[in-house]
Amino acid sequence: MTELVGLADVAAARELLAGVTRTTPLEPSRPLSAALGGPAWLKCENVQRAGSYKVRGAYVRISRLSAEERERGVVAASAGNHAQGVALAAGLVGTHATVFMPVNAPLPKVAATKGYGATVELVGNTVDESLVAAQTFAERTGAVFIHPFDHPDVIAGQGTVALEILEQCPDVKTIVTGVGGGGLISGMAVVAKALRPDVRVIGVQAATAAAFPLSLKAGEPVRLPSFSTIADGIAVGRPGDLTFTHVRKLVDEIVTVSEEDISRALLMLLERGKQVVEPAGAVGVAALLAGAVEVQAPVVAVLSGGNIDPLLMLRVIEHGLAAAGRYLRVTVRCTDRPGQLASLLSEIAEHRANVVDVEHQRANPHLRLGEVEVALSVETRGVEHSDTLISALRASGYQVVFAAES
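Predicted, not measured: the structure shown is a model, and the values here were computed from it.

How each quantity is defined
Here the residue numbers are simple positions, counted from 1 along each chain's written sequence. The predicted origin of the model limits local features to residues at a pLDDT of at least 70 and limits the giving and counting of side-chain atom pairs to 80 or more, whereas totals for whole chains, interfaces and linings rest on all residues. Where side-chain values are given, they derive from all heavy atoms of the structure, hydrogens and water being excluded. By definition, any uninterrupted DSSP run of H or I lasting at least four residues is a helix, any uninterrupted run of E lasting at least two residues is a strand, and each is numbered from the N terminus. Per-residue accessibility, obtained with a 1.4 Å probe over protein chains only, is compared with the maximum for each type, and a residue is labelled buried under 20%, exposed over 50%, and partly exposed between these values. Every residue pair with non-hydrogen atoms within 4.5 Å of one another is taken to be in contact. Under the convention used here, a 1.4 Å probe and the Shrake-Rupley method define accessible areas, while residue burial counts only the protein chains that appear. By the counting scheme adopted, Arg and Lys are positive, Glu and Asp are negative, and His together with the chain ends is not counted. Charge positions come from single atoms, namely NZ of Lys, CZ of Arg, CG of Asp or CD of Glu. Two strands are counted as paired when DSSP detects at least two bridges linking them. Each axis is a line fitted through C-alpha atoms, and for a helix only the stretch in contact is used; angles between axes span 0 to 180 degrees, taken between their N-to-C directions. Throughout, the term roughly parallel applies to angles under 35 degrees, roughly antiparallel to angles over 145, roughly perpendicular to angles from 65 to 115, and oblique to all others. It is the rotation of the near helix from the far one that decides the hand of a crossing: anticlockwise by less than a right angle makes it left-handed, clockwise makes it right-handed. The residue classification treats Ala, Val, Leu, Ile, Met, Phe, Trp, Tyr, Cys and Pro as nonpolar and Asp, Glu, Lys and Arg as charged. All others, Gly included, are polar. To estimate the expected span of a helix, count its residues, drop one, and scale the result by 1.5 Å.

Draft legend 1. Just the overall build of the protein chain, in detail. For the protein chain, the helix and strand inventory stands at 16 helices and 14 strands. For the protein chain, with 406 residues in total, the buried portion stands at 56%. The contacts of the protein chain with a sequence gap of at least 6 include a subset with a gap of at least 24, amounting to 73%. Approximately 17,000 Å² of the protein chain is accessible, and the part contributed by carbon and sulfur atoms is 51%. Averaging the coordinates of the 36 positive side-chain charges in the protein chain and doing the same for the 42 negative ones gives two points 2 Å apart.

Dropping the structure here:
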């Protein structure tokens, strides 16, 4: 199927979603505005029902099923957000959902999907493997397969995000959003190019799971041999046939960001924007902060989801602090004598750095007799502060044998 979804399809989807989904807020972002030199806004789909935009497309697709199809139930595959969207939509429509999720799917997403009434099956290590299992289940049981992105109803539902953006920010010049299989950006591009052809629509993928750049270069959907990223919501190994056609014809540019870029964006959104966002939902902001794309303001970045595992959030925060030079792990060799540790910590305190933890190591065979190795985790104010601290320690006679951001 290669026929494009049209603006009328998106408008019809919006009517179906009235009273089901919420019009999510558009919030100004001072850090982004300062970095870009012009107005920047955040489209907060992270506060949508079920925690992401996915319920839009899922509900449009499921609500259009016949009574006989609803009786057979629906089946889907997802790392989490589509799963929750399908589970919620199925409950609202009055049908049962079975959802196949990768075995490493975040536990909060699994729990939330079950909480909406779906039966969850953990199969495969990737969404692509879960998709195969879901399609096999559909063939065996007659359940209707609800594709996470490659269906006109799903694309039309996701496109309603762009209708809201154009109403909330009429002078928008650039829209940036994350891309996995391509359903969201396809629907948004349909709306933007129909109503405001001058608006640039830019997609962002994690560099370690970027199927679209290769596919666009090849002129057809190409499957990645392997992929891995903290942005599990956009970890898709192959674009859809329908979404690929939309992206190739309507999207202006696809760029990639690193895992470090994503972690920095998450930290900024949490610290400065007070937004809880999952990695996949932050890649648009990551691209803007990293300068991965040239944009014209006003810019709207879509925060596509907020379903982040708290344990992952802890790791991402620590990694983001390190990437920003604000979390330093340093190992110092010094003489093993009374008062030496107190002197070292006093030196660090004088430079207004905060010691998080300390570990002594005397058994290292590389140490000389009477020497000790002290491993420190230190909070600093940034790269410059970290460099100043290391220089000061060395100037005081301490041997800094290892200093790195991690």
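Draft legend 2. Representation of the sheet that holds strand β1 (residues 26-28) within the structure. If you trace the 6 strands from one edge of the open sheet to the other, you get β1-β2-β10-β7-β8-β9, paired in mixed fashion. At either end of the open sheet lies a strand with only one pairing partner, and these are β1 and β9 (253-257). Across the sheet, the mean angle separating the axes of adjacent strands is 25° when strand polarity is ignored. Note: strand β8 (residues 200-206) against β9, 5 bridges, orientation parallel. Within β9, the position partnered with valine 204 by the bridge is valine 255. Along the sheet, helix α10 (residues 211-218) makes contact with β8 and β9, crossing β9 at roughly 140°.

Draft legend 3. Focus on the packing of helix α15 (residues 340-350) against helix α16 (residues 383-395). One way to put it is that α15 packs onto α16 with a least axis distance of 10 Å and a crossing angle of 140°. One way to sum up the angle between α15 and α16 is to call them oblique. The chirality of how α15 crosses α16 is right-handed. Residues Leu344, Glu347 and Ile348 of α15 form the contact with α16, whose participating residues are Leu389, Ala392 and Leu393. Residues that form the contact of α15 with α16 fall into these classes: 5 nonpolar, no polar and 1 charged.

Draft legend 4. Expanded view of the side chain of serine 78. Along the chain, the position of serine 78 falls in the loop between β3 (74-77) and α5 (81-93). For serine 78, a relative accessible area of 5% puts it in the buried group.

Draft legend 5. Main features of helix α3 (residues 54-63). For α3, the tally of buried residues reaches 10 of 10 residues, placing the bulk of the element in the interior. Within α3, burial applies to Lys54, Val55, Arg56, Gly57, Ala58, Tyr59, Val60, Arg61, Ile62 and Ser63. Against α1 (7-17), α4 (67-72), β3, α5, β6 (144-145) and α8 (152-168) lie the buried residues of α3.

Draft legend 6. Up close: helix α7 (residues 127-141). For α7, built from 15 residues, the straight-helix expectation of 21 Å at 1.5 Å per residue is met to within 8% by its first-to-last C-alpha distance of 21 Å. Looking at the buried positions of α7, the neighbouring elements they touch are β3, β4 (97-101) and β6.

Draft legend 7. Local environment of the sheet that holds β6. Reading across the sheet, the 4 strands line up as β5-β4-β3-β6 and stay open at both edges, with parallel pairing between neighbours. A single partner strand is all that each edge strand has here, and the edge strands are β5 (119-122) and β6. By the bridge criterion, 4 bridges tie β3 to β4 in an arrangement that is parallel. Looking at β4, one finds that valine 74 is bridged to alanine 97. Set on the sheet, α7 makes contact with β3, β4 and β6; between it and β3 the angle comes to about 165°.

The analysis is restricted to geometry; functional conclusions fall outside its scope.
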